[in-house]
Amino acid sequence: ILNVEQSPQSLHVQEGDSTNFTCSFPSSNFYALHWYRWETAKSPEALFVMTLNGDEKKKGRISATLNTKEGYSYLYIKGSQPEDSATYLCAPWATNKLIFGTGTLLAVQP
Amino acid sequence: SQTIHQWPATLVQPVGSPLSLECTVEGTSNPNLYWYRQAAGRGLQLLFYSVGIGQISSEVPQNLSASRPQDRQFILSSKKLLLSDSGFYLCAWSVMVSDEAFFGQGTRLTVV
């Protein structure tokens, strides 16, 4: 069983704060690491798919880094906005399947 | 373009009744297909995945089964629902490890 851990479980920040989350996963047999954003009453949507050690990807105010040797990834949100409120999920790819962590629930207060 | 259809959106079923949730994908061939469930207060748990017609892998022992009768059709079933089967069920597809997965709109199942 692939053990994927995300921290913190939940986070409450004020509008304008910057924040970051952590995803830990087994470093052996690594293929790819996915990040998804899941808003209430919607389907999860992909933010990033990262495959290379040292990868850094950015989409607007959101960015992510990847360390495959030690098995972790960070997701950063700069200047959080209320519309960033969602659950952020990471999922390493493991032989034809995505195994999701329990997610980090972000609430941004206006 | 590729789309994924999942139905129904909500379902209330009595304990002991059967279940059939259907998911179809359009615009792609031979996708990997997945069924996930989010139980109350928990994350997304992988239930089943399929890499081809008739090929089903089960991730956890449970009261559910899955079938893939056609390339782009994935069905989640149960002969007798339990209260613990309640949750939010999501179907998803992907093609390559380096490509994102796409999710259906989900089914909220309440077993009463």
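Use the structure listed above.
Residue indices begin from 1 for each chain and proceed along its sequence in written order. All chains are assigned letters beginning with A, and all ligands numbers beginning with 1, in the order in which they are written. Residues qualify for local features only when their pLDDT is at least 70, as the model is predicted, and side-chain atom pairs are given and counted only at 80 or more; totals for whole chains, interfaces and linings, by contrast, use all residues. In computing side-chain properties, one takes all heavy atoms of the structure into account and sets aside hydrogens as well as water.

Draft legend 1. Seen up close, the interface of chain A and chain B. Throughout, a contact is declared for two residues whenever any of their heavy atoms are within 4.5 Å. Contacts between the two partners involve 20 residues from chain A and, on the opposite side, 22 residues from chain B. Overall, the association of chain A and chain B removes approximately 1,600 Å² of surface from exposure, summing both partners, and the carbon and sulfur fraction of that is 64%. Here a salt bridge means any side-chain nitrogen of Lys or Arg lying within 4 Å of a carboxyl oxygen belonging to Asp or Glu. Taken together, the connections running from chain A to chain B amount to one salt bridge. One salt bridge connects Lys97(A) with Glu59(B), and the closest N-O pair in it is separated by 3.0 Å. Polar contacts here mean pairs of N or O atoms no more than 3.5 Å apart (in protein, one a potential hydrogen donor and the other a potential acceptor; neighbouring residues in sequence count only if both atoms are side-chain atoms). Along the contact surface separating chain A from chain B lie five residue pairs in polar contact (both at pLDDT 80 or more). Starting at the N terminus, helices and strands are each numbered in turn, a helix being any DSSP run of H or I of at least four residues and a strand any DSSP run of E of at least two. Listed by contribution, the elements that provide at least two residues to the side of chain A that touches chain B are strand 4 (33-38) and strand 5 (45-50) of chain A. Residue contributions to the side of chain A that touches chain B peak at three residues, all from strand 4 of chain A. When the residues that make up the side of chain A that touches chain B are grouped by side-chain class, the tally is 12 nonpolar, seven polar and one charged. The quantity reported as buried area is the accessible area (1.4 Å probe) lost by two parts once they are put together, taken as the sum for both. Each residue is assigned to one class: nonpolar for Ala, Val, Leu, Ile, Met, Phe, Trp, Tyr, Cys and Pro, charged for Asp, Glu, Lys and Arg, and polar for all the others, Gly among them.

Draft legend 2. Representation of the packing of aromatic side chains in the model. When two rings of Phe, Tyr or Trp (its six-membered ring) have centres within 6.5 Å they constitute a pair, described as stacked for plane angles under 30 degrees, edge-to-face for angles over 60, and tilted for the intermediate range. This model, assessed by the stated rule, comprises 14 aromatic pairs over all chains. With a centroid separation of 5.8 Å and an interplanar angle of 85 degrees, the aromatic rings of Tyr36(A) and Phe103(B) are classed as edge-to-face. Of this pair, Tyr36(A) sits in strand 4 while Phe103(B) is found in strand 10 (residues 102-103), placing the two residues in two different chains. Burial status follows relative accessibility: with a 1.4 Å probe on protein chains alone, a residue under 20% of its type maximum counts as buried, one over 50% as exposed, and anything between as partly exposed. Owing to a relative accessible area of 0%, Tyr36(A) belongs among the buried residues under this scheme. Note on Phe103(B): relative accessible area 7%, which makes it buried. Pairing Tyr74(A) with Tyr76(A) gives two aromatic rings, centres 6.1 Å apart and planes at 70 degrees, and the pair type is edge-to-face. An aromatic cluster is built from Tyr36(A), Phe100(A), Tyr34(B), Tyr36(B), Tyr49(B) and Phe103(B), whose rings are joined through pairwise contacts. The ring of Phe48(A) carries Lys59(A) above its face, with NZ or CZ at 5.9 Å from the centroid. Here, over-ring charges are defined by two tests on the NZ atom of lysine or the CZ atom of arginine: distance to the ring centre within 6 Å, and angle to the ring normal within 35 degrees.

Draft legend 3. Up close: the nonpolar core. Residue types Ala, Val, Leu, Ile, Met, Phe, Trp, Tyr and Cys, when buried and joined through side-chain atoms within 4.5 Å, form a set referred to as a nonpolar core. The biggest cluster of nonpolar side chains holds 43 residues, and the ones touching the most others in it are Trp35(A), Leu75(A), Phe100(A), Tyr36(B) and Phe103(B). Beyond its immediate chain neighbours, meaning those up to four positions away, Leu75(A) contacts Thr19(A), Asn20(A), Phe21(A), Trp35(A), Leu47(A), Phe48(A), Ile62(A), Ser63(A), Ala64(A) and Tyr88(A). Counting residues in hydrophobic clusters, the runner-up holds 19 residues, among them Leu64(B), Ala66(B), Tyr89(B) and Val111(B).

Draft legend 4. Examining the state of the cysteines more closely. Residue and element names in this part refer to chain A. Here, a disulfide means two cysteine sulfur atoms that sit within 2.5 Å of each other. Applying the stated criterion across every chain, the model contains two disulfides over all chains. The residue that forms a disulfide with Cys23 is Cys90, at a sulfur-sulfur distance of 1.9 Å. The sign of the 75 degrees torsion about the S-S bond sets the Cys23-Cys90 disulfide as right-handed. Taken as a pair, Cys23 in strand 3 (residues 19-24) and Cys90 in strand 9 (residues 86-92) lie far apart in primary sequence, 67 residues in all.

Draft legend 5. Layout of the layout of surface pockets. The distinction between a cavity and a pocket rests on a 1 Å grid over the protein atoms alone: a 1.4 Å probe fits inside a cavity but cannot get out, while a pocket stays open yet meets protein on both sides within 12 Å along at least five of seven lines, and a residue with an atom within 4 Å of a point counts as lining. Grid points are joined across faces, edges and corners, and a volume is the space filled by probe spheres set on the points. Counted as a void, the largest pocket has a volume near 1,100 Å³. Residue lining of the largest pocket: 36 residues in total, with Gly101(A), Arg42(B), Gly43(B), Leu44(B) and Gln45(B) positioned closest to the centre. For the lining of the largest pocket, the secondary-structure elements that each account for two or more residues are strand 9 of chain A together with strand 5 (44-52) of chain B. By residue class, the composition of the lining of the largest pocket is 16 nonpolar, 13 polar and seven charged. Space inside the second largest pocket adds up to approximately 200 Å³. Lining the second largest pocket we find 15 residues, and of these Ser43(A), Pro44(A), Glu45(A), Phe102(B) and Phe103(B) sit closest to its centre. Secondary structure elements with two or more residues in the lining of the second largest pocket: strand 5 of chain A together with strand 1 (3-7) and strand 10 of chain B. Each residue belonging to the lining of the second largest pocket can be placed in one class, and the counts come to eight nonpolar, four polar and three charged.

Nothing here speaks to function; it is all geometry.
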